[in-house]
Amino acid sequence: MAQTRTPDARLARLRGPVAPRRHNARTIAALTGNPGCDRRAVMDGAGVDKMRVAQHIGFPGRFGQSSFAIVRGNVFEARLKANDGAELVGLLGVEVPKYLDLSGGPKASNEERYARTLEALRDNPDTLLDHPMLRLAVAGKHVYLEPDLVAFQVDGRYHIVEIKSFPVIDEQADPGKVSAAATQAAVYVLALREALAEAGRDPETVSHEVLLVCPKDFSNTPISSMIDVRRQLAVLRRQLSRMAGIDALLDRLPDGITFDLRAGEDGEPTRDPAELIADVRAVSARYAPDCLATCELSFFCRDEARTATAVLGRSVREELGGIEDVRTVLALATGAIEPTPEQAEAAALLRAAHRLRAELVP
Ligand code: SF4
């Protein structure tokens, strides 16, 4: 049946009468964690509080930065930016003629700060810009990004600087954290390119190389390195365009589902958890172990997928060439069922593996 409601109205109905959860660079970066998952795209597009959904259906997760990491990050960043960014400028090893703080005071609205940022980009091309306000469209809505970053220009190109509090020990950093920082920096690169285009300047002057600044060893001494975020930019663009076309995803949903979390007098959601689970399940998901690091619903989806080959990781799922259920895999391996023509190749490998295992483990 043809849908007559606008995408906005359809997303608002999915969310129910509660304020949408606001995105930031971290949550936009997390969207790229599993770009093929409809459940995540729909719930994030509607601004559903997935953490609260997970709690209400009995699968609360441990998610987000620890308060210790946040405090440590704030202290490190404040030190780098003190005295008009003197330590940061020293680290960059470039001449930066001017430092401009664009935070605009506690009363400045996002729109005012965005306008000031556009003005600064037009009028002060060689300036170290602290706290610029940027924005990106997610599912047709502007999300304002309040970066804790600065951008600077060298040889006519802007570079994003991403300040992180995880340490670089013996010149090595946690690869997972570096990868997450690169994706987050890619969000800022994209947003800065859009702001430059709006300011009437060439968006391609924003480099795909970003400067990552972290504490060295166990001290607060900064160390920096350039990282290339072209791959992250490509994934991000794909996911944002998928969310811009959210209509097509909404068309596939059954009528009447909702993730309404309106609270009762006790402040808790009034929705029957079993009904909410049924509605969450009505949107298809693509669980993979990476979800545990990037999505609030991961414990629920892992439980739902426990008999699915996907839970064993992407490479296993791909090796098994479309056999979705672990029980089918076991039955094919032991010869308990006959494979279909599409399963024949995987079934032969599974039977060989089963034979070898039986010989080695009596
Ligand atoms: S945890 Fe679930 S909803 Fe989130 S991305 Fe993974 S499969 Fe999708």
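Rules and cut-offs
- Residues numbered from 1 in each chain as written.
- Predicted model: local features only at pLDDT ≥ 70, side-chain atom pairs only at ≥ 80, totals over all residues.
- Heavy atoms only, no water.
- Domains from an automatic or database assignment.
- Helix = DSSP H or I, 4+ residues; strand = E, 2+ residues; numbered from the N terminus.
- Buried < 20%, exposed > 50% of the residue type's maximum accessible area, 1.4 Å probe, protein only.
- Expected span 1.5 Å × (residues − 1).
- Arc of directions from axis to C-beta.
- 1 Å grid on protein atoms, 1.4 Å probe; cavity = no way out; pocket = protein on both sides within 12 Å on 5 of 7 lines; lining within 4 Å.
- Points joined across faces, edges and corners; volume = space filled by probe spheres on them.
- Nonpolar A, V, L, I, M, F, W, Y, C, P; charged D, E, K, R; others polar.
- Phe/Tyr/Trp six-rings, centres within 6.5 Å; stacked < 30°, edge-to-face > 60°.
- Core = buried A, V, L, I, M, F, W, Y, C linked by side-chain atoms within 4.5 Å.
- Contact = heavy atoms within 4.5 Å.

Going by what an unreviewed UniProt entry lists, the protein chain is known as Secreted protein and is assigned to Catenuloplanes atrovinosus.

(A) Local environment of the domain arrangement of the protein chain. Along its sequence, the protein chain is organised into domain 1 (70-133 + 146-190 + 203-229) and domain 2 (311-360). Placing the centre of domain 1 and that of domain 2 at their C-alpha centroids yields a distance of 49 Å.

(B) Focus on unusual backbone geometry. At Asn83, a residue that is not glycine, the phi angle is positive and equals roughly 50°. Following the sequence through the fold, Asn83 ends up in helix H5 (residues 67-92). Positioned with a positive phi, Asp170 is a non-glycine residue whose angle comes to about 50°. Looking at the element boundaries, Asp170 is found in the loop between strand E6 (157-163) and helix H7 (175-198). For Asp170, a relative accessible area of 64% corresponds to the exposed category.

(C) Seen up close, the environment of Val280. Mapped onto the secondary structure, Val280 falls in helix H10 (residues 273-281). Exposure remark for Val280: the relative accessible area of 0% places this residue in the buried category.

(D) Here's a closer look at helix H8 (residues 230-244). Compared with the 21 Å implied by 1.5 Å per residue over 15 residues, the 21 Å span of H8 between its first and last C-alpha is a close match. Every buried residue of H8 is accounted for by Gln232, Leu233, Val235, Leu236, Gln239, Leu240 and Met243. Seen end-on, H8 carries its buried residues on one side only, within an arc spanning 165°. Structural note: H8 exposes Arg231, Arg238, Ser241 and Ala244 on the side pointing more than 90 degrees away from its buried face.

(E) Representation of empty space enclosed by the protein within the structure. As enumerated under the stated definition, the model contains 2 cavities of 30 Å³ or more in all. Considering only enclosed or pocket space, the largest cavity measures out at about 100 Å³ in volume. For the largest cavity, the lining is made up of 13 residues, of which Cys37, Arg40, Cys291, Cys295 and Cys301 are closest to its centre. Those elements that provide at least two residues to the lining of the largest cavity are helix H3 (38-45) and helix H12 (298-304). Taken as a whole, the second largest cavity encloses approximately 40 Å³ of empty space. Lining the second largest cavity are Arg21, Arg22, His23, Met43, Asp44, Gly47 and Val48. In terms of residue class, the lining of the second largest cavity is built from 2 nonpolar, 2 polar and 3 charged.

(F) Region of interest: the packing of aromatic side chains. Counted according to the given criterion, the structure contains 2 aromatic pairs. Where Tyr114 meets Tyr144, the ring centres are 6.2 Å apart and the plane angle is 75°; that geometry is what we call edge-to-face. One end of the pair, Tyr114, is in helix H6 (residues 110-123); the other, Tyr144, is in strand E4 (residues 141-145), with 30 residues separating them in the sequence. One exposure class covers both Tyr114 and Tyr144, and it is buried.

(G) Up close: the nonpolar core. In this structure, Ile28, Leu121, Leu136, Leu145, Val187 and Leu192 are the most contacted members of the largest nonpolar core, which totals 46 residues. Counting only elements with at least two residues in this core, the list comes to helix H2 (25-30), H6, strand E3 (134-138), E4, E6, H7, strand E7 (209-215) and H8. The greatest single-element share of this core, amounting to 12 residues, is contributed by H7. Here Leu121 is in contact with Leu129, Tyr158, Leu192, Ala195, Leu196, Ala199 and Arg201, once residues within four sequence places are set aside. Counting residues in each nonpolar core, the second largest holds 29 residues, with Met43, Ala54, Tyr287 and Ala305 among its members.

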